[in-house]
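# A structural walkthrough
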Amino acid sequence: MNIIWALLIILGSSAAHHPQNDNHQVAKIIESSINSAIITSQQKDITVSADNPPVKVDPQTTAPKVKGVYVTAYSAGGSRMNQLIDLMDNTELNAMVIDIKDDAGYITYKTDNPGLIKMGNPQPFIHDIHGLMDRLKEHNVYPIARVVVFKDTVLAKKRPDLSFVNNDGTVWKNGKGDSFVNPFSKEVWDYNIEIAKEAAKLGFKEIQFDYVRFPEGFEKRADSLKYIKNGKSRVDTVAEFVQYARKQLAPLGVRVSVDIFGYAASVPAAEGIGQDFNKISENVDVISPMVYPSHYTQGWFGAKDPDKEPYKTIKGSMSDTIKKLTPLEDQKPIVRPWIQDFTASWLGSGHYIKYGKTEVEEQIRALKDMNVDEYLLWNATNRYSQGVDYK
């Protein structure tokens, strides 16, 4: 615990130079630093185990109540960023979730890290990452780095031995042409965590891991594909990746969050893809269930067409989420769901409605009624509805 005392002395002495009205913020900074030291100290000699989650302390006590939007690397590096910054400046929104490793597996900015260059295929979609970080700081935007983990066509093509291989030697693809890498592989873990570490050093305050799972329907092909195994279950493997990531990132003082299917809170563990809602939740600082009304089928939460009843659907999903997490007690993470700001026309005539100001506000109202005060808005094109009251 000597490191904690050292931080108290150093940060305490620096606090003396701040005006009185800054004392609260300084105290929060000290608390965050101490918490990061606690996490690091607690986990230093502890073996990663899905059955032994570390004590939960928040490394980002200075973080605001996050209300954010998804931002692609193309938007972050292009002209649309002007509109998104205006949205932050003129509304209660205060955070951006930015693709640092995208759905294809591309690292989205120029990096000089030889390991990342070797494993990935960095592309300068964000042409000036340092300029972007400076701009976000100038506008008081809380920056979250989205890292897509196990859906990674780039790495699967480069290293088939880290992926799933068909009997004919080709890399397996899903129906959309995407390939996944193997969650059992420690090399894959370390590669993604190295990306997260670089993002933290760039100034991101939180790392949001997405696609922290095996491919959908994996249980149907688990015995026919060729891949390395580690002797553990899929559920424990995924949970231990998250725990290991948090352990590795603790010294950098960033939060760790994970995206998860919204319905995972309403059903038993999804063992096929390796996602257990509670095992993941007890190992992260923030859990972000994707509770888009369009993603629930007819009848969920008493809604004939969930997409057409955003309030009822979101309220039902949050009720299940809260019940699911209650047994975790002090290990509960912050609940920050993804909500819908897009129109799901693919559901077919009569089963969807056009989403805009009213539908977004209805989802936010449902969250408020369930005492959930953080959320993220998803729109794949980053075109968000105008005039929304985000309170």
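- Looking at an unreviewed UniProt entry, one finds the protein chain named GTP-binding protein and attributed to Paenibacillus mangrovi.

### Quick notes on the overall build of the protein chain
- What the protein chain contains, in helices and strands, is 12 helices and 9 strands.
- Within the protein chain, the fraction of its 391 residues that count as buried is 54%.
- Restricting the contact set of the protein chain to residue pairs at least 6 apart, pairs at least 24 apart contribute 77%.
- A total of about 17,300 Å² of accessible surface is found on the protein chain, and carbon and sulfur atoms cover 51% of it.

### Remarks on unusual backbone geometry
- You will see that Glu329, though not glycine, has its phi angle at about 50°, which is positive.
- You can see Glu329 is positioned in the loop between helix H11 (310-325) and strand E7 (334-335).
- Residue Glu329 is classed as exposed on the basis of its relative accessible area of 61%.
- Of note in the backbone geometry, Asn382 takes a positive phi value of approximately 65° without being a glycine.
- By the element assignment, Asn382 lies in the segment after strand E9 (375-378).

### Overview of the pairing of strand E2 (residues 95-101)
- Of all 7 residues in E2, 7 are buried; the element is thus mostly enclosed.
- Sheet analysis places strand E1 (residues 67-71) next to E2, joined by 4 bridges and oriented parallel. Paired with Val71 across the two strands is Ile98, which belongs to E2.
- Relative to strand E3 (residues 142-148), E2 runs parallel, the two being bridged by 6 bridges. If you follow Val97 over to E3, its bridge partner there is Ile144.

### Describing helix H6 (residues 129-138)
- Ile129, Leu132, Met133 and Leu136 are the residues of H6 that are buried. Each buried residue of H6 lies within a common arc of 95° when the element is viewed along its axis, so the set occupies one face. Turned more than 90 degrees away from the buried face of H6 sit His130, Asp134 and Glu138, all of them exposed.
- Contacts from the buried residues of H6 go to helix H3 (73-76), helix H4 (80-90), E2, E3 and helix H8 (186-202).
- Asn140 lies just past H6 and shows a positive phi near 60°.

### What to know about the confidence of the model for the protein chain
- Per-residue pLDDT for the protein chain has a mean of 92; in total, 89% of the residues score no lower than 70.
- In this model, residues 1-17 is a region of pLDDT below 50 whose contacts with residues beyond four sequence positions or in other chains number 18 contacts.

### Focus: a negative patch on the surface
- A surface patch of like charges, here negative, comprises Asp86, Asp89, Asp128, Asp134 and Glu138.
- Counting residues per element, the ones that place at least two in the negative patch are H4 and H6.
- Given a relative accessible area of 40%, Asp128 falls into the partly exposed group.

### Here's the deal with the packing of H4 against H6
- It is at 11 Å that the axes of H4 and H6 come closest, and there the two elements cross at 20°. Relative to H6, the element H4 is oriented roughly parallel. Between H4 and H6 lies a crossing whose hand is right-handed. Residues Met81, Asn82 and Ile85 of H4 form the contact with H6, whose own contacting residues are Leu132, Arg135 and Leu136.
- Tallied by class, the residues present in the contact of H4 with H6 amount to 4 nonpolar, 1 polar and 1 charged.

### Here's the deal with H11
- Here H11 spans 22 Å end to end across 16 residues, near enough to the 22 Å set by a 1.5 Å rise per residue.
- Within H11 the residues assigned to the buried category are Pro310, Tyr311, Thr313, Ile314, Gly316, Ser317, Met318, Thr321 and Leu325.
- Where the residues of H11 are buried, they touch helix H10 (277-281), strand E6 (286-290), E7, strand E8 (338-340) and helix H12 (357-369).

### Let's talk about the pattern of salt bridges
- Applying the stated criterion across every chain, the model contains 22 salt bridges.
- Arg336 is the partner of Glu206 in a salt bridge, and the nearest nitrogen-oxygen pair spans 2.8 Å. In this pair, Glu206 sits in strand E4 (residues 206-210) while Arg336 sits in the loop between E7 and E8, placing the two residues 130 residues apart along the sequence. A single burial state applies to Glu206 and to Arg336, both of which are buried.
- The salt bridge involving Arg365 is made with Glu362; its shortest N-O contact spans 3.0 Å.

### Side note on the packing of H11 against H12
- Between H11 and H12, whose axes approach to 8 Å, the crossing angle comes to 30°. Like other packed secondary-structure pairs, H11 and H12 cross with a definite hand, here right-handed. Touching Pro310, Tyr311, Ile314, Lys315 and Met318 of H11 are Glu359, Glu362, Gln363, Arg365, Ala366, Leu367 and Asp369, all from H12.
- Tallied by class, the residues present in the contact of H11 with H12 amount to 6 nonpolar, 1 polar and 5 charged.

### Re the nonpolar core
- With 107 residues, the main nonpolar core has Met96, Phe209 and Phe241 as its most contacted residues.
- With 9 residues, H8 is the single largest residue contributor to this core.

### Notes on the environment of Phe204
- Within the secondary structure layout, Phe204 lies in the loop between H8 and E4.
- What makes Phe204 buried here is its relative accessible area of 1%.
- With 59 residues separating them along the chain, Phe204 and Ala145 place their C-alpha atoms 6.1 Å apart.
- Dropping the residues within four chain positions of it, Phe204 is found in contact with Ile98, Ile100, Met133, Pro143, Ile144, Ala145, Ala199 and Val254.

Definitions and cut-offs
- Residues numbered from 1 in each chain as written.
- Predicted model: local features only at pLDDT ≥ 70, side-chain atom pairs only at ≥ 80, totals over all residues.
- Heavy atoms only, no water.
- Helix = DSSP H or I, 4+ residues; strand = E, 2+ residues; numbered from the N terminus.
- Buried < 20%, exposed > 50% of the residue type's maximum accessible area, 1.4 Å probe, protein only.
- Contact = heavy atoms within 4.5 Å.
- Areas by Shrake-Rupley, 256 points an atom, 1.4 Å probe, with all protein chains shown as cover.
- Pairing = 2+ DSSP bridges.
- Arc of directions from axis to C-beta.
- pLDDT = per-residue confidence, 0-100.
- Patch = residues over 30% accessible without salt bridge, like charges linked within 9 Å, V, L, I, M, F, W, Y side chains within 5 Å.
- Salt bridge = Lys/Arg side-chain N within 4 Å of Asp/Glu carboxyl O.
- Lys, Arg positive; Asp, Glu negative; His and termini not counted.
- Charge placed at Lys NZ, Arg CZ, Asp CG, Glu CD.
- Axes fitted to C-alpha atoms, helices over the stretch in contact; angles between N-to-C directions.
- Parallel < 35°, antiparallel > 145°, perpendicular 65-115°, else oblique.
- Left-handed = near helix turned anticlockwise from the far one by under 90°.
- Nonpolar A, V, L, I, M, F, W, Y, C, P; charged D, E, K, R; others polar.
- Expected span 1.5 Å × (residues − 1).
- Core = buried A, V, L, I, M, F, W, Y, C linked by side-chain atoms within 4.5 Å.

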